[in-house]
Amino acid sequence: MSDEEDDLILSELPDEELVPQMMDDLYDGMKEEVEEGVNILLERGWTPYDILTKALVEGMAIVGVDFRDGILFVPEVLLAAGAMKGGMEILKPLLVETGAPRLGKMVIGTVKGDIHDIGKNLVAMMMEGAGFEIVDLGINNDVDKYIDALKAEGADILGMSALLTTTMPYMKVVIDTLVETGARDDYIVLVGGAPLNEEFGKAIGADAYCRDAAVAVETAKELIMRKHNRGAD
Amino acid sequence: MLSDRQLSEQGLEARGNSSRLLLLACGALAREILALVEVNGWDHMDLQCLPAKLHLTPERIPDAVEAAVEAARNTYDDVFVVYADCGTGGLLQQRCEALGVRMIDGPHCYSFFEGNETFAAHAEQEITAFYLTDFLVRQFDAFVWRPMGFDRHPQLIDIMFGNYEKLVYLAQTENPDLDRQAREAAERLGLGYERRFTGYGDLATALATLQT
Ligand code: B12
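Cut-offs used in this document
- Numbering of residues starts from 1 in every chain and runs along the sequence as written.
- As a convention, the first chain written is A and the first ligand written is 1, with the rest following in written order.
- It should be noted that, the model being predicted, local features are given only for residues of pLDDT at least 70 and side-chain atom pairs only at 80 or more, the latter also being counted only at that level, while totals for whole chains, interfaces and linings use all residues.
- With hydrogens and water set aside, each side-chain value is computed from the structure's full complement of heavy atoms.
- Where each domain starts and ends comes from a domain assignment, either automatic or drawn from a database.
- Contacts are residue-level and defined by heavy atoms, with any inter-residue pair within 4.5 Å sufficient.
- The term buried area refers to how much accessible surface (probe radius 1.4 Å) is lost by two components on association, counted for both of them together.
- Only one rule defines a salt bridge in this text: a Lys or Arg side-chain nitrogen within 4 Å of an Asp or Glu carboxyl oxygen.
- Counting from the N terminus, the helices are the DSSP runs of H or I reaching at least four residues and the strands are the DSSP runs of E reaching at least two.
- Geometry of aromatic contacts follows a simple scheme: Phe, Tyr and Trp rings, the Trp one being its six-membered ring, pair when their centres are within 6.5 Å, and the pair is stacked under 30 degrees between planes, edge-to-face over 60, tilted otherwise.
- The classification of residues rests on relative accessible area computed with a 1.4 Å probe and restricted to protein chains. Under 20% of the type maximum is buried, over 50% is exposed, and intermediate values are partly exposed.
- Here, a charge over a ring means that NZ of Lys or CZ of Arg falls within 6 Å of the ring centre while also lying within 35 degrees of the ring normal.
- Buriedness for pockets is judged along seven lines, at least five of which must meet protein on both sides within 12 Å for an open set on the 1 Å grid over protein atoms alone, while cavities are sets there where a 1.4 Å probe fits but cannot get out, and lining residues have an atom within 4 Å of a point.
- Grid points are joined across faces, edges and corners, and a volume is the space filled by probe spheres set on the points.
- Think of it as three bins: nonpolar holds Ala, Val, Leu, Ile, Met, Phe, Trp, Tyr, Cys and Pro, charged holds Asp, Glu, Lys and Arg, and polar takes everything else, Gly as well.
- Note on pairing: DSSP must find at least two bridges between two strands before they are called paired.
- For every element, the axis is a line fit to its C-alpha atoms; helices are fit only across the contacting stretch, and the angle between N-to-C directions ranges from 0 to 180 degrees.
- If a single non-hydrogen atom of a residue is within 4 Å of a molecule or strand, that residue counts as near it.
- By the criterion applied in these results, polar contacts are pairs of N or O atoms within 3.5 Å in which, for protein atoms, one can donate a hydrogen and the other can accept it, and in which residues neighboring in sequence qualify only through two side-chain atoms.
- Viewed with both strands pointing away, a crossover whose connecting path from the first strand over the helix to the second turns clockwise is right-handed.

**Student:** Quick question: what am I supposed to make of the domain arrangement of chain B here?
**Tutor:** By a frequent convention, interface size equals the accessible area lost on bringing the separate parts together. All names here are of chain B. Taken as a whole, chain B is organised into domain 1 (4-104) and domain 2 (114-197). Here the C-alpha centre of domain 2 lies 24 Å away from the C-alpha centre of domain 1. Across the contact, 12 residues belong to domain 1 and 8 residues belong to domain 2. For the pairing of domain 1 and domain 2, the buried interface totals around 760 Å² over both sides, and the portion due to carbon and sulfur atoms is 66%. Sorting the residues of domain 1 by area buried against domain 2 places Asp4, Glu32 and Leu56 first, and these three jointly supply 52% of that buried surface. Linking domain 1 with domain 2 are 1 salt bridge, by the criterion used here. Two residues, Arg138 and Asp4, come together in a salt bridge whose shortest N-O distance is 2.8 Å. Elements with a minimum of two residues in the side of domain 1 that touches domain 2: α1 (4-9) and α2 (30-40). No other element matches the 4 residues that α1 contributes to the side of domain 1 that touches domain 2.

Below, the structure written as structure tokens:
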């Protein structure tokens, strides 16, 4: 970074320069600067929802695209996610107070035998940023953990992540159990993780395979809307 | 002399010692395969390796393998692909079938070095283990430390390895130096350490079936 940027005083920037600057800081994983930017916008009377969607989520979407295109790598994505999380921690309680839109509730976790969680965490965060309530079960989840949580939370969506070829078939065990207990249609099932593909998602009976967090958000929104429409008639 | 750096970045060109069978392998397996070929006198086998760094972007492996198989067809009677699934989610297997070439069984090299059955049998009891092979011990910085950003951002170690408890070094050879380096790697990651001698495991048995 140049000296000029080091001296940048965020609070002196007008909104239209501050927001892009926050997106840059997010991209560079600068958590404190992102948190500072969030606080400044709050002071200026922005709604928590606008800050979340117009600065943080949009910034993270750029990170997602550059990761997909091989411009950014795993560590940079993790740092950016950490910065976004910092900003979200400030906004979360305020979002509840200000009645930001709630799109639905998702239970998400990495499947049994697998402890990769970077992608899963990213999806959880972007879904939360888009207005979904998230129940994160963490790693190494067996079928009972998923199903107990779905019921206890009254969730709309189940999200499963797997990064190992040896653990991805376990998703089918979970879906089959939902089918056997007659609960399959109560939930939208989304699956993801680098070794998966569209064909696999179909074969195991998921509603959708999502290649990345942005696709997960779009797909979830669309399927929730369809579910509501169906519920109406 | 083989250089690990070259095996990681460029791979290894075929020697042209035989036109019967080409072993098309991951660069991370070059030393082990050459050792087996030598002790067993498998003179009918030639070896070509793709860059080991494909490990970090497995989605590129099927295309890279296909291109190499196509290029080798005119020179060799047969090609055997020495790649496990390696995170391609079954796509490499499908591609090999379409190309009409065989490949080694197993999800990844940790598994076939230990023996696929043995590995699968303890996988559930050992999910908080992180494995290294001889190659990865020697190339720990190039394949783990730097790509995971630990040289620049040490705070990421906890984020990435927070759920791990021990590093298990699956040793292909008896080598006190590698044992020491693996133990050091475990310390740097803040993990416990275990060394487990595997030898060449299913790699040896799979190649032994390629006799003609
Ligand atoms: C980082 C990494 C690790 C880190 C994990 C840190 C962590 N806390 O998660 C470390 C180094 C610790 C690790 C360990 C291991 N790993 Co690893 N790892 C990777 C690597 C390089 C990147 C994965 C990643 O995080 N990508 C970044 C995120 C952002 O992408 P993503 O996970 O794909 O997620 C995106 C999408 O897939 C999608 N998505 C993901 N989940 C979900 C869920 C839902 C519901 C939806 C909708 C979408 C979605 O959205 C995400 C965001 O855009 C991959 C190789 C690769 N390029 O995939 C190997 C890889 C997955 N690992 C592999 C292996 C073998 C292991 C180990 C066994 C290795 C070992 N030496 O012991 C252990 C596993 C232990 C265990 N029991 O789980 C293999 C798998 C091979 C196979 N046959 O399955 C791979 C493919 C590497 C290889 N070529 O060998 N690994």
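**Student:** What is the right way to look at the packing of aromatic side chains in this model?
**Tutor:** Residue and element names in this part refer to chain B. Taken as a whole and judged by the stated rule, the model has 10 aromatic pairs over all chains. With a centroid separation of 6.1 Å and 40° between ring planes, the pair formed by Phe140 and Trp145 is classed as tilted. This pair shows no difference in class: Phe140 is buried, exactly as Trp145 is. Aromatic rings pair up to connect Phe130, Phe140, Trp145, Phe150, Phe161 and Tyr164 into one cluster. In this arrangement the basic side chain of Arg188 is found over the ring face of Trp145, its NZ or CZ atom lying 4.2 Å from the centre.

**Student:** I would appreciate a short explanation of empty space enclosed by the protein in the present structure.
**Tutor:** Any empty space left between the atoms is revealed when a probe the size of a water molecule rolls over them. Residues and elements named next belong to chain B. This structure, assessed with the given rule, holds 1 cavity of 30 Å³ or more. Quantified by volume, the largest cavity comes out at close to 190 Å³. Contributing to the lining of the largest cavity are 18 residues, with Cys26, Ala28, His55, Cys86 and Cys109 lying nearest its centre. When residues of the lining of the largest cavity are traced back to their parent elements, those giving at least two are α5 (109-114) and α7 (134-138). If one sorts the elements of the lining of the largest cavity by residue count, α5 sits on top with 4 residues. Tallied by class, the residues present in the lining of the largest cavity amount to 15 nonpolar, 3 polar and no charged. Formed jointly, the lining of the largest cavity draws a minimum of three residues from each of two domains, domain 1 (4-104) and domain 2 (114-197).

**Student:** How do you make sense of the sheet that holds strand β1 (residues 104-110) of chain A when you look at a structure like this?
**Tutor:** Paired through their backbone hydrogen bonds, the strands of a sheet run either parallel or antiparallel. All names here are of chain A. With respect to topology, 5 strands assemble into an open sheet ordered β2-β1-β3-β4-β5, the strand pairing being parallel. Each having just a single partner strand, β2 (132-136) and β5 (208-209) make up the two edges of the open sheet. When strand β3 (residues 157-161) meets strand β4 (residues 188-192), the two strands line up parallel, connected through 5 bridges. What sits directly across from Ser161, in β4, is Gly192. Across the face of the sheet, helix α7 (residues 143-153) comes into contact with β1, β2 and β3 while running at roughly 165° to β1. Along the sheet, helix α8 (residues 170-180) contacts β3 and β4; its crossing angle with β3, the most-contacted strand, is approximately 160°.

**Student:** Please explain the site of the ligand as it appears in this structure.
**Tutor:** Around the ligand, 44 residues are found, and the nearest of them are His116 and Thr165 of chain A together with His55, Pro107 and Tyr131 of chain B. The local environment of the ligand is shared, drawing residues from chains A and B. In the environment of the ligand, a nitrogen atom lies 3.4 Å from a nitrogen or oxygen atom belonging to the backbone of Gly113 of chain A. The contact in question runs from a nitrogen atom of the ligand to an N or O atom on the backbone of His55 of chain B, over 2.7 Å. Of all elements in the fold, only α6 (118-129), β3, β4 and α10 (213-232) of chain A together with β5 (129-132) and α9 (156-161) of chain B reach the threshold of two or more residues within the shell around the ligand. When residues of the shell around the ligand are assigned to their parent elements, the largest contribution, 4 residues, is made by α6 of chain A.

**Student:** Just to check I follow, could you spell out the pairing of β4 of chain A for this structure?
**Tutor:** Consecutive side chains of a regular strand alternate in pointing toward one face of the sheet and then the other. All names here are of chain A. In terms of burial, β4 is a largely internal element, 5 of the 5 residues being buried. The alternating pattern of β4 places Ile188, Leu190 and Gly192 and Val189 and Val191 on opposite faces, both of which are buried. Crossover connection from β3 via α8 to parallel β4: handedness right-handed. In this sheet, β5 lies alongside β4 in parallel orientation, the contact comprising 2 bridges. Counterpart to Val191 in the pairing with β5 is Tyr209. Running through helix α9 (residues 198-204), the crossover from β4 to the neighbouring parallel element β5 is right-handed.

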